[in-house]
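Remarks on the overall topology
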Amino acid sequence: MPANLSPEYKAAEKEYRKAREPRERLACLKEMLRTIPKHKGTEHLQGDIKAKIRELTDELAAPKKAGARTAPATVIRPEGAAQLALVGAPNVGKSALHARLTGSHAHAEPYPFATQFPLPGMLPFEDVALQLVDLPSISSEHPIPWIANAVQPADGALLVIDLAHAGCVEETVKLHELLAERRVTLHAKWPDGRPPDDDDPFTIELPALLVANKADLVGDLEEELAAFRELTGYDYPALATSVETGEGLEELAAWLFDRLGVVRVYTKIPGQPPDMSRPFTVRRGDTVLDVAYLVHKDIGNGFKYARLWGKEAFDGQQVGRDHVVADGDVVELHA
């Protein structure tokens with residue numbers, strides 16, 4: 001039986017897909033439940049929405065239930081130019097990599113499951129930073145019921161593997177199976193996330209970079225990586241890294257910045273020089289209006305025009321809300 005979803009429901013679902021914080025997603029879910037047509041064709045979807053509402057409600061209430069205001073969060077609020085989730089099997093060196101890249105105090109221990117909750121850290125690149133979230137190891141021995149909520153805000157994933165480990169292939173395949181059980185899938189196409197025409201609003205699809213960690217312990221890295229690809233069928237782009245030697249660490253931030261399509265836009269006040277100390281970050285293809293809303297909601301709502309300085313405009317050119325911004329542009333917003 002066709003669902004025949006209403007325009008009101010579709011609008012609520014669209015907002016849910018864009019939402020990145022738990023409370024915002026919960027509000028969208030409640031609106032989806034309120035507006036969804038109530039008939040047999042939507043019973044399964046209604047059930048999914050109700051289950052997701054219960055899950056998010058419990059998650060938001062968990063610290064209070066435990067009687068500790070500082071209980072560790074299972075969802076990290078996005079900061080910086082993008083959020084990347086570090087996923088991997090036990091003992092692949094994920095936490096050591098996170099600590100080296102971000103200066104965090106991730107528990108890089110020689111035993112599995114040292115990381116119990118998501119840990120954020122900032123990876124600098126030029127004048128912006130990317131947020132890396134170290135997640136608990138994914139294994140059937142240590143199930144993570146909240147993993148889908150944890151990766152929901154992410155713009156992509158770093159799939160960390162240890163090619164020197166004999167069980168690398170089996171553990172990585174199992175990791176994919178466990179993620180799939182939570183309706184999380186990884187794919188090779190950057191920077192695209194969940195396809196906009198996906199019929200399941202609760203499917204999370206993340207572009208992934210295969211990070212072949214502990215590269216210093218692998219003899220013929222290219223040969224081992226080729227064998228891994230052949231055995232698994234995974235076609236993710238790959239980068240070799242080593243915490244011990246520093247191999248690949250400097251390349252990682254630049255690779256992510258480019259593949260995510262991050263665009264830095266600087267602002268100025270009329271009659272004053274631009275503020276080049278703190279860019280606003282959007283994505284390739286975003287417009288002046290997107291920048292206006294980042295600066296302040298009222299500026300976005302009242303936007304009239306902008307003056308722009310950049311490679312693809314003459315200095316001070318007046319542009320409208322639909323003008324696509326480029327990396328390094330300076331905008332003077334008028335509302």
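Residues numbered from 1 in each chain as written. Predicted model: local features only at pLDDT ≥ 70, side-chain atom pairs only at ≥ 80, totals over all residues. Heavy atoms only, no water.

Comments concerning the overall build of the protein
Each helix and strand counted, the protein has 10 helices and 12 strands in total. Its C-alpha atoms give the protein a radius of gyration of 22 Å, within 12% of the compact-globule value 20 Å for 335 residues. On the principal axes, the C-alpha backbone points of the protein span a range of 60 × 55 × 45 Å. Burial status across the protein gives 49% buried among its 335 residues. Taking all contacts inside the protein whose residues are at least 6 apart in sequence as the whole, residues at least 24 apart take part in 63%. Accessible surface, the protein: about 16900 Å² in total, of which carbon and sulfur atoms supply 52%. Between the averaged position of the 38 positive side-chain charges in the protein and that of its 51 negative side-chain charges there is a distance of 10 Å. (Helix = DSSP H or I, 4+ residues; strand = E, 2+ residues; numbered from the N terminus. Rg over C-alpha atoms; globule rule 2.2 N^0.38 Å. Buried < 20%, exposed > 50% of the residue type's maximum accessible area, 1.4 Å probe, protein only. Contact = heavy atoms within 4.5 Å. Areas by Shrake-Rupley, 256 points an atom, 1.4 Å probe, with all protein chains shown as cover. Lys, Arg positive; Asp, Glu negative; His and termini not counted. Charge placed at Lys NZ, Arg CZ, Asp CG, Glu CD.)

Concerning the sheet that holds strand β11 (residues 313-319)
Paired through backbone hydrogen bonds, the strands of a sheet run either parallel or antiparallel to each other. Sheet architecture is open: five strands sit in the order β9-β8-β12-β10-β11, paired in mixed fashion. Taken across any chain shown, the strands that pair with only one partner, and hence form the sheet edges, are β9 (275-283) and β11. On average, each strand axis in the sheet is inclined to that of its neighbour by 30°, with strand direction left out of account. Sheet topology note: the strand β10 (residues 305-310)/β11 ladder contains four bridges and is antiparallel. (Pairing = 2+ DSSP bridges. Axes fitted to C-alpha atoms, helices over the stretch in contact; angles between N-to-C directions.)

What about the side chain of Asn 213?
With respect to the helices and strands, Asn 213 occurs in strand β6 (residues 204-213). A distance of 3.1 Å separates the side chain of Asn 213 from the backbone oxygen of Val 92, its partner in a polar contact. Non-local contacts of Asn 213, meaning those with residues more than four positions away in its chain, are made with Val 92, Gly 93, Lys 94, Leu 97, Val 160, Ile 161, Asp 162, Thr 241, Ser 242 and Val 243. (Polar contact = N/O pair within 3.5 Å; in protein donor to acceptor, adjacent residues only side chain to side chain.)

Here's the deal with the pattern of salt bridges
Counted according to the given criterion, the structure contains 16 salt bridges. One salt bridge connects Asp 134 with Lys 94, and the closest N-O pair in it is separated by 2.9 Å. With a gap of 40 residues between them, Asp 134 in strand β3 (residues 128-134) and Lys 94 in helix α4 (residues 94-102) connect regions that are remote in the sequence. Lys 94 carries the same exposure label as Asp 134, and that label is buried. Where Asp 200 meets Arg 183, a salt bridge forms, and the shortest distance between an N and an O atom there is 3.0 Å. (Salt bridge = Lys/Arg side-chain N within 4 Å of Asp/Glu carboxyl O.)

Points about unusual backbone geometry
For the bond from Trp 190 to Pro 191, the omega torsion is 0°, close enough to zero to count as cis. Tracing the chain through its elements places Pro 191 in the loop between β5 (184-187) and β6. Even without glycine at this site, Glu 126 takes up a positive phi of about 50°. Structurally, the position occupied by Glu 126 is in the loop between β2 (119-125) and β3. For Glu 126, a relative accessible area of 61% translates into the label exposed. Of note, Arg 183 is a non-glycine position whose phi angle comes to about 65°, a positive value.

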